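# A structural walkthrough
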Amino acid sequence: MVASRLLKEAPGTERGPHWLLLAPNLAWLLLFMVGPLSLLAVISFKTYEPGRGILNMWQLGNYAKFLTDPFYLGVLGSTLVTGACVTALTLLFGFPLAYTLAHTRGWRRSALYIGVLMPLLTSAVVRTFGWMILLGNNGFINRTLLQWAWIDHPLRLMYNLSGVVIALTEVLLPFMVLALDAALLNIDPSVVEAARNVGGSRMRVFFSITLPLAVPGIVSGSILVFSLSISAFVTPSLIGGAQVRLMPTVIYQQAMALLDWPFGAAIAFIMLVAIALLLIPALTLVERRSRLA
Amino acid sequence: MLRVVNTVILIYLLAPIIVVVATAFGTSPYPVFPPVGLTLKWFDRFLSNPDLVRSTELSAALSFVSTLCATTIGTLAALALVRHRFRAKVVISALLLSPILFPTIVLGLALLVAFTRIGLAQTFAGLVAAHTVLITPFVIRLVMASLADLDGSIEEAARNLGSGRLRTFFLITLPIIRPGLLAGALFGFIISFDELVVTLFLAGPGLQTLPIRIFSSIEYSSDPTISAISSCLIATWIIFGVPVYMRFLAVQRA
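Residues numbered from 1 in each chain as written. Chains lettered and ligands numbered in written order. Predicted model: local features only at pLDDT ≥ 70, side-chain atom pairs only at ≥ 80, totals over all residues. Heavy atoms only, no water.

## Focus: the overall build of chain A
The cut-off we apply is this: We count a stretch as a helix when DSSP gives it H or I for four or more residues in a row; a strand needs E for two or more, and each element gets its number in order from the N terminus. Classification of residues uses two cut-offs on accessible area relative to the type maximum, computed with a 1.4 Å probe and protein chains only: under 20% is buried, over 50% is exposed, and between them is partly exposed. The criterion used for residue contact is that any of the two residues' heavy atoms lie within 4.5 Å. Accessibility throughout is a Shrake-Rupley quantity obtained with a 1.4 Å probe, and a residue counts as covered only by protein chains that appear here. Charged-residue counts in this description rest on Lys and Arg as positive and Asp and Glu as negative, His and the chain ends being excluded. Note on charges: their place is set at NZ of Lys, CZ of Arg, CG of Asp or CD of Glu.
From N to C terminus, chain A includes 14 helices and two strands. Counting only C-alpha atoms and orienting by the principal axes, one finds that chain A spans roughly 75 × 75 × 30 Å. Buried residues in chain A amount to 49% of all 293 residues. Within chain A, contacts between residues separated by at least 24 positions form 67% of all contacts whose residues are at least 6 apart in sequence. Roughly 14,100 Å² of accessible area belongs to chain A as shown, and the carbon and sulfur atoms make up 68% of that amount. Distance between charge centres in chain A, computed from 19 positive and 11 negative side chains, equals 5 Å.

## Some details on a nonpolar patch on the surface
All names here are of chain B. What counts, and what does not: Surface patches are drawn from residues lacking salt bridges whose relative accessible area is over 30%; two like charges belong together within 9 Å, two nonpolar side chains (Val, Leu, Ile, Met, Phe, Trp, Tyr) within 5 Å. A side-chain nitrogen of Lys or Arg and a carboxyl oxygen of Asp or Glu constitute a salt bridge if their distance falls within 4 Å.
A cluster of nonpolar side chains, Phe 64, Val 65, Leu 68 and Phe 124, forms an exposed patch at the surface whose accessible area comes to about 350 Å². The biggest single contributor to the nonpolar patch is helix 3 (residues 50–83), with three residues. Along the chain, Val 65 turns up in helix 3.

## Here we look at unusual backbone geometry
The omega torsion of the bond from B:Phe33 to B:Pro34 falls at -5°, within 30 degrees of zero and hence cis. Along the chain, B:Pro34 turns up in the loop between helix 1 (2–23) and helix 2 (41–47). Backbone geometry at A:Tyr159 places phi at a positive 60°, although glycine is not the residue there. Position of A:Tyr159 relative to the elements: it lies in the loop between helix 7 (140–147) and helix 8 (161–186). By relative accessible area, which is 35% here, A:Tyr159 ends up partly exposed. Unusually for a residue other than glycine, B:Gln122 sits at a positive phi of about 60°. Mapped onto the fold, B:Gln122 is located in the loop between helix 5 (104–118) and helix 6 (124–149).

## Some details on the nonpolar core
What counts here: Note on terminology: a nonpolar core comprises buried Ala, Val, Leu, Ile, Met, Phe, Trp, Tyr and Cys residues joined through side-chain atoms within 4.5 Å.
Grouped together as the largest cluster of nonpolar side chains are 155 residues, with contacts concentrated most on B:Leu96, B:Ile105, B:Val106, B:Leu109, B:Phe201 and B:Leu202. For this core, the leading source of residues is helix 6 of chain B, giving 13 residues.

## Observations concerning the pattern of salt bridges
For side chains bearing opposite charge, pairing can occur when the charged atoms are close. Residues and elements named next belong to chain A. Applying the stated criterion across every chain, the model contains three salt bridges over all chains. With a closest N to O distance of 3.2 Å, Arg 109 and Asp 181 form a salt bridge. In this pair, Arg 109 sits in helix 5 (residues 106–120) while Asp 181 sits in helix 8, placing the two residues 72 residues apart along the sequence. Here Arg 109 falls in the buried class, since its relative accessible area comes to 13%.

Right, here's the structure in full:
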């Protein structure tokens, strides 16, 4: 949306396609992104045989293998469930924070803002490392709970899906907060004020005015977090270990440990299709809303 | 009520950072939180380990070269997108910005497959090519933001007064976009320095970047040296990143 605002014609706009300015960037993307992805698409229809390499034979076997084998369907299922959980949790935790952020001014806003930015500027590996220290059997959380005698034996928080969800939600929360904050700042305060003046209670105004007007931010934040969470590799592979199988970790394992690039490629494209299938309806929704507004 | 909720959420959000920094100063041989004792020996371990220092230098060189490439091609593209009128602008800008959202695990595999064929896999040049793809959109967005703040009439005036295209660019346009350019370069550098997923596919034995060292060492064991390295990164990025981020947001909101 920012991009479309920026694309608006400004005075001094020159006519004619200035391909010379665009050429270096377009060539770079063609060579190092579009080209390789096309090659990956081709590879996904080939066969890999251990010892013989990639055979030059077109087939749909890799896709069929993923979409019929119960093991791989389970991987697809847990990837989508993880994405849905992480998206719901970031919405739940992100909304109060974004609401306060959008309604605070001056140094308080800056302080809160830095709190949200600090994790964004810290790499996912480093933050996942922090979660490994916290979540382990002998980690801070388990030791504290044992000390307070809330539990008898350590909770299993590492090497399972719940650990991955706890850490991944934290890793992606700043993206949701920033998306929601932008949407909430866009709401005209006089609308909320008017609703309050005609006698709407705080709760009622929130649910019938603020929340519906924040829908574009909720949708764009959810799209972002969902696609980042189902394609996340670092946090699931470190927190989940070998026990948790999600699409990105299976792609990596197929490609790097088993050298089966064709099958890894097929899983990659199934993941892209899954993201696209969820993106398109969401984007149409936002588009329709912004046209009405 | 809301304040309590927000405090809890902020603690959750900042917990891993606090833990990593705190464990870098503890004396126990593995990272425990809360830390026991106070020592700087893990920082010394980091700085006196030649492998880790070499990785830091490699990461810095890789980010520097990638940022240079990205700033050049990204600034040119941003100029075309803001100052010129042409068909398919929406499609082209979507394509140019797409690497921000594209799953890195897929791009990494695609580049591995392609680069193995043309001999760029496990080379420094291959890593630069990949990192540049990932960070150019950030340069484009920030340069576009600073270009949109001012309309093109100043450049037009300069051109009308007889200044050539290159002269206009260096004397008028470049000073206007400088803040966006520097911010884009800074974020590009940070993102490239921290990049792990695509790098894992393309790095060879001699190309162990710092994030790869961190990743492979915490995969099987835990060592406060990693906390020390991470603390250095956290401190550096926050000192440079937060002010620029805040300033840019202030510009956009004004």
